[in-house]
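Notes for the structure review
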Amino acid sequence: MATHPTAFTAVRARATVHGYPRQGPGRELKKAVEGYWAGRVDAAALHDTAAALRRDAWRRLADAGVHEVPTGDFSLYDHVLDTTVMVGAVPERHRAAVEADALDGYFAMARGTQQLPPLEMTKWFDTNYHYLVPELGPDTAFTADSTKQTGELGEALAQGHAARPVLVGPVTYLLLAKPAPGAPPGFQPLTLLDRLLPVYAEVLSDLRAAGAEWVQLDEPALVQDQPPAVLNAAARAYRELGGLADRPKLLAATYFDRVGDALPVLAKSPVEGLALDFTGPAAANLDALAAAGGLPGKRLIAGVIDGRNVWINDLERSLSTLATLLGLADRVDVAPSCSLLHVPLDATAERDVDPQVARWLAFARQKAEESVTLARGLNEGSDTIAPQLAANRSARASRAASALTRDPAVRARAAAVTAADARRPQPYAERAAAQRARLGLPLLPTTTIGSFPQTRELRTARADLRAGRIDATAYDERIATEIREVLAFQDKAGLDVLVHGEPERNDMVQYFAEQLTGYLATQHGWVQSYGTRYVRPPILAGDISRPEPMTVAWTAYAQSHTERPVKGMLTGPVTMLAWSFVRDDQPLADTARQVALALRDEVGDLEAAGTAVIQVDEPALRETLPLRTADRAEYLAWATEAFRLTTAGVRADTQIHTHMCYAEFGDIMAAIEQLDADVISLEAARSRMQVADELAAAGYAHAVGPGVYDIHSPRVPDVEEIAALLRKGLAAIPAERLWVNPDCGLKTRGWAEVRTSLEHLVEAAQRVRAERAGGQ
Ligand code: GLN
Ligand code: ZN
């Protein structure tokens, strides 16, 4: 039962973290790894840099009072790839490279070589971190290689730290894998569990020999709805690992959502400890744990601090959660909910953020400190942390009362939104007729998704502007020239609906965030997206408003250079949230509504300026789907409402487009319909138009542009290949509703291939139109 902490508590709470940002304060890791790729840094220097970064991170954690530091979470590229190496699951095609040189082979798996494609990359649960997908088949033979894990543990121990190795757990590892090329259809990597467990056993034994008291096995896959077969596999895995004679104490960790049905599985297993998330939707773990009778005899690492957002913790609330948890486990330690990989390193580095606002922020370093404060409060009583509690209370109060977070005009407007505001008054058929009359497009109209190649000249111009080498006028002249060239090309190539090419946008979220009130930019807030790619997500900190039009000037400029319609281009409200740090002091639905209203004003201004076609991109709609299916309906309801609120204020003859990437739309088909866009473009080239069939099967009745040019590859598709895809599309979607476009934006491509590919795309559309006219 809940006991209040006293100075006499027998087992003292410790502070720990599950993982820490890898890059170093000056992104030293990125520089070293990219230097190695370019041949400027040798392997020894790269390893030295990596070891120094680990040493500094551990020392920083220990100095802050963290009692047990994580090891093995560091990575030169990706921790899932490290796990692939640890279990010897190198794909056949990369084996020679790995045998020739382990480090070069590692990077070959990550990035591919001239001859060999890399491992596929995909999102790590619902974060913006991407991991390399293991490829496993019936022939996969696992072998243990614990050198990285034992090496890093050895370093930490030698530096005098109490350390806990952190590994991707065997069940999650298999669930994250995909069948290797050549595996029989329907092959499930989880069937390899019995082969994988002995390898984990060997690694555990090696870690024990290297001095590990505890080892953490991360099983975030268990916070997704899993069928009994998976839960049984987890039970078997932990029974078997727990039954080993020669092993360290085991701690099974879940995070990102509630542990649900997996709680009894892990609680009953012979592991000595569990780490659970108690933030966001995972706060439900508290009641679940109490209802299950707690974890008698086990250690609990309580993730009471949100490890993937940037706000200071509510320390008093956490203390009260921890006090309850004290009665539910043998020993309770304090930690952020998940690895701090997902947040920037240090909020105190942000010198340009208003000091009033900076007090509200906690990045990795501050979250470690918060863990220490809470552990101390738990051990020694809240009196001993009175100054920290007072500062925390005052910072939180200042946030709640700030004009940034409370703009009465924004709140009044959001409160006054009615269902009618989020519904276009005319049905699709009526809109389609009005748009046909206004736009006069041919059958199978051709268009692109928005961006054109971001050339070196454009990046240089942006860098020159930032460094003060050119002024705003000179920069704008560069952008204007680029827009004129992009339009001239499209006119000549014969595309039907043109774009301005987005040369002025560094990033599709940041560009808008910089112009909206309520968003903050960071200077050093880098977060790993994948490998050496880091992004600086903006912080959605306050009530959102749009002081001035954001895109109208360039769109109107572009339209003044062509007779054909130019599409206006906006990033949708869901994506504006998904690729930012969002506020945690109000429901996401409220935040989305504010962003939608700001974008709605932009849509209105574009329309008033004469823009007949407006595209609102929502590539993130599917990727932010909640992990638990029970939460999805609510999410999709507010997400689609926000999109409609953005777009529903236009006239019948203004055509609304939307765009999404990714190939699997099955789970959100109904939501796509709920968007009520006039035209949707989707990725489809690699799956040979499969999405067109899926949409048709679902009864989708609006216009569709399934991508016919795979922009993820430099390959130029030929005319007949595109025409064949179009004919395939026509088998599912009637010609009146089929658009012709690439899979996604062209910003990562080069001009040479883009030029020819788009010429082929236009020619393919003409060929198929002619076939229809000829009655074929
Ligand atoms: N309009 C954006 C572009 O063309 C869309 C990008 C995206 O979907 N990720 O770049
Ligand atoms: Zn896209």
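Analysis parameters
- Residues numbered from 1 in each chain as written.
- Chains lettered and ligands numbered in written order.
- Predicted model: local features only at pLDDT ≥ 70, side-chain atom pairs only at ≥ 80, totals over all residues.
- Heavy atoms only, no water.
- Helix = DSSP H or I, 4+ residues; strand = E, 2+ residues; numbered from the N terminus.
- Rg over C-alpha atoms; globule rule 2.2 N^0.38 Å.
- Buried < 20%, exposed > 50% of the residue type's maximum accessible area, 1.4 Å probe, protein only.
- Contact = heavy atoms within 4.5 Å.
- Areas by Shrake-Rupley, 256 points an atom, 1.4 Å probe, with all protein chains shown as cover.
- Lys, Arg positive; Asp, Glu negative; His and termini not counted.
- Charge placed at Lys NZ, Arg CZ, Asp CG, Glu CD.
- Pairing = 2+ DSSP bridges.
- Axes fitted to C-alpha atoms, helices over the stretch in contact; angles between N-to-C directions.
- pLDDT = per-residue confidence, 0-100.
- Donors = N, O, S within 2.8 Å, 3.2 Å for Na, K, Ca; no water.
- Tetrahedral: all angles 85-135°; square planar, octahedral: opposite > 155°, others 65-115°.
- Expected span 1.5 Å × (residues − 1).
- Near = heavy atom within 4 Å.
- Polar contact = N/O pair within 3.5 Å; in protein donor to acceptor, adjacent residues only side chain to side chain.
- Salt bridge = Lys/Arg side-chain N within 4 Å of Asp/Glu carboxyl O.
- 1 Å grid on protein atoms, 1.4 Å probe; cavity = no way out; pocket = protein on both sides within 12 Å on 5 of 7 lines; lining within 4 Å.
- Points joined across faces, edges and corners; volume = space filled by probe spheres on them.
- Nonpolar A, V, L, I, M, F, W, Y, C, P; charged D, E, K, R; others polar.
- Parallel < 35°, antiparallel > 145°, perpendicular 65-115°, else oblique.
- Left-handed = near helix turned anticlockwise from the far one by under 90°.
- Right-handed = clockwise from strand over helix to strand, strands pointing away.
- Phe/Tyr/Trp six-rings, centres within 6.5 Å; stacked < 30°, edge-to-face > 60°.
- Lys NZ or Arg CZ within 6 Å of the ring centre and 35° of its normal.

**Things to note about the overall build of the protein chain**
In terms of helices and strands, the protein chain carries 28 helices and 20 strands. What you see for the protein chain is a C-alpha radius of gyration of 27 Å, in line with the 28 Å of a compact globule of 776 residues. Summarising its shape, the C-alpha atoms of the protein chain cover approximately 85 × 60 × 55 Å along the three principal directions. Every one of the 776 residues in the protein chain was classed for burial, and the buried ones make up 57%. Long-range contacts, defined as pairs at least 24 residues apart, comprise 79% of the intrachain contacts of the protein chain with a sequence gap of at least 6. Of the roughly 29900 Å² of accessible surface on the protein chain, 52% is carried by carbon and sulfur atoms. Of the charged side chains in the protein chain, 81 are positive and 99 negative, and the gap between their average positions amounts to 1 Å.

**Here's the deal with the sheet that holds strand 18 (residues 655-660)**
Strands sit in the order 16-17-18-19-20 across an open sheet of 5 strands; the sheet is parallel. The strands lining the two open edges of the sheet, one partner per strand, are strand 16 (567-571) and strand 20 (703-706). Averaged over all adjacent pairs, the angle separating strand axes in this sheet is 20°, with direction ignored. Note: strand 16 against strand 17 (residues 613-617), 5 bridges, orientation parallel. Counterpart to Thr571 in the pairing with strand 17 is Asp617.

**Focus: the confidence of the model for the protein chain**
Looking at the protein chain, pLDDT values average 96 and 98% of them are 70 or higher. Considering only residues more than four positions removed or in separate chains, one finds that residues 1-9, a stretch of pLDDT under 50, has 11 contacts.

**Remarks on the coordination of the zinc ion (ligand 2)**
For the zinc ion (ligand 2), the full set of protein donor atoms is His659 (NE2), Cys661 (SG) and Cys744 (SG), and the range of their distances to it is 2.0 to 2.2 Å. Around the zinc ion (ligand 2) sit 4 donor atoms, and with donor-metal-donor angles ranging over 87 to 122° the site reads as tetrahedral. One chain supplies every donor for the zinc ion (ligand 2), spaced along it as H-x1-C-x82-C.

**Remarks on helix 23 (residues 588-608)**
Look at helix 23: 30 Å from first C-alpha to last across 21 residues, which is about the 30 Å you get at 1.5 Å a residue. Where helix 23 terminates, the next one or two residues include Gly610, which has phi positive at roughly 100°.

**Thoughts on the site of ligand 1**
Close contacts around ligand 1 come from Ile449, Gly450, Ser451, Glu502, Met508, Asp617, Pro619, His659, Cys661, Cys744, Gly745 and Lys747, and that covers them all. Between a nitrogen atom of ligand 1 and a main-chain N or O atom of Ile449, the distance comes to 3.1 Å. The contact in question runs from an oxygen atom of ligand 1 to an N or O atom on the side chain of His659, over 3.2 Å. Surface burial for ligand 1 is 94%, taken as the share of its 300 Å² of free accessible area covered by protein chains.

**Some remarks on the environment of His712**
Mapped onto the fold, His712 is located in the loop between strand 20 and helix 27 (719-732). With relative accessibility at 45%, the residue His712 sits in the partly exposed group. Sequence separation between His712 and Ala412 is 300 residues, and the spatial gap between their C-alpha atoms is 44 Å. Those residues in contact with His712, other than ones at most four positions away along the chain, are Glu683, Arg686 and Arg749.

**Some points on the environment of Pro742**
Inspection of the secondary structure assignment puts Pro742 in the loop between helix 27 and helix 28 (751-773). Residue class for Pro742 comes out buried when judged on its relative accessible area of 0%. In this structure, the C-alpha to C-alpha distance between Pro742 and Ala637, residues 105 residues apart in sequence, is 29 Å. Setting aside its immediate chain neighbours within four residues, Pro742 contacts Thr447, Thr448, Ile449, Gly707, Val708, Tyr709, Ile711, Leu758 and Leu761.

**Topic: the pattern of salt bridges**
Summed over the entire model, instances satisfying the criterion amount to 53 salt bridges. We note a salt bridge from Arg299 to Glu68, for which the minimum N-O separation is 3.0 Å. Placement of the pair is Arg299 in strand 10 (residues 295-305) and Glu68 in the loop between helix 2 (43-64) and strand 1 (69-71), with a sequence separation of 231 residues. A relative accessible area of 2% means that Arg299 is categorised as buried. Residue Arg564 pairs with Asp491 through a salt bridge whose shortest N-O separation is 2.8 Å. Here Asp491 lies in helix 19 (residues 472-493) and Arg564 lies in the loop between helix 21 (552-559) and strand 16, a separation of 73 residues in the sequence. Given a relative accessible area of 24%, Asp491 falls into the partly exposed group.

**A word on the layout of surface pockets**
Taken as a whole, the second largest pocket holds about 820 Å³ of empty space. If you trace the second largest pocket, you find 42 residues lining it, with Asp82, Val85, Tyr106, Lys148 and Glu152 closest to the centre. Going through the elements one at a time, helix 2, helix 3 (79-86), helix 5 (102-111), helix 6 (147-158) and strand 5 (163-168) are the ones with two or more residues in the lining of the second largest pocket. Broken down by class, the residue content of the lining of the second largest pocket amounts to 19 nonpolar, 14 polar and 9 charged.

**So, the pairing of strand 13 (residues 527-530)**
Alignment of strand 13 against strand 14 (residues 533-535), held across 3 bridges, turns out to be antiparallel. Bridge pairing links Gln528 to Tyr534 in strand 14. Hairpin connection of strand 13 to strand 14: 2 residues between the antiparallel strands, including Gly531 at a positive phi of 45°.

**A look at the packing of helix 12 (residues 315-326) against helix 14 (residues 364-380)**
Where helix 12 contacts helix 14, the axes come no closer than 10 Å and their chain directions differ by 50°. In terms of their interaxial angle, helix 12 and helix 14 are classed as oblique. Every pair of crossing elements has a handedness; the one defined by helix 12 and helix 14 is right-handed. Between helix 12 and helix 14, the residues in contact are Leu315, Ser318, Leu319, Leu322, Ala323 and Leu326 and Glu370, Thr373, Leu374, Gly377 and Leu378, respectively. Split by residue class, the contact of helix 12 with helix 14 holds 7 nonpolar, 3 polar and 1 charged.

**Some points on the pairing of strand 17**
Taken across its 5 residues, strand 17 has 5 buried, putting it largely inside the fold. The alternating pattern of strand 17 places Val613, Gln615 and Asp617 and Ile614 and Val616 on opposite faces, both of which are buried. Where strand 17 and strand 18 come together, 5 bridges link them in parallel fashion. Among the inter-strand pairings, Asp617 is bridged to a residue of strand 18, identified as His659. Regarding the hand of the β-α-β motif, the stretch spanning strand 17, helix 24 (residues 632-647) and strand 18 is right-handed.

**With respect to the packing of aromatic side chains**
The tally for this structure, following the rule as stated, stands at 14 aromatic pairs. A centroid spacing of 5.2 Å and a plane angle of 85° characterise the contact between Tyr635 and Trp638, whose relative ring orientation is edge-to-face. Remark: Trp638 and Tyr635 occur in helix 24; sequence separation between them is 3 residues, near one turn of the helix. Across the pair, exposure class does not vary: Tyr635 and Trp638 are buried alike. A network of ring pairs unites the aromatic residues Tyr36, Trp37, Tyr77, Tyr106 and Phe107 as a single cluster. Just above the ring of Trp526 sits the side chain of Arg27; from NZ or CZ to the centre is 3.7 Å. Above the ring of Trp311, the side-chain terminus of Arg399 is found at 3.9 Å from the ring centroid.

**Overview of the environment of Pro336**
Among the secondary structure elements, Pro336 is positioned in strand 11 (residues 329-336). Residue classification places Pro336 among the buried residues on the basis of a relative accessible area of 0%. Each C-alpha atom of the pair Pro336 and His18 lies 7.5 Å from the other, and the pair is 318 residues apart in sequence. With residues near it in sequence (within four places) discarded, Pro336 still touches Thr16, Val17, His18, Gly303, Ile305, Gly307, Lys367 and Ser371.

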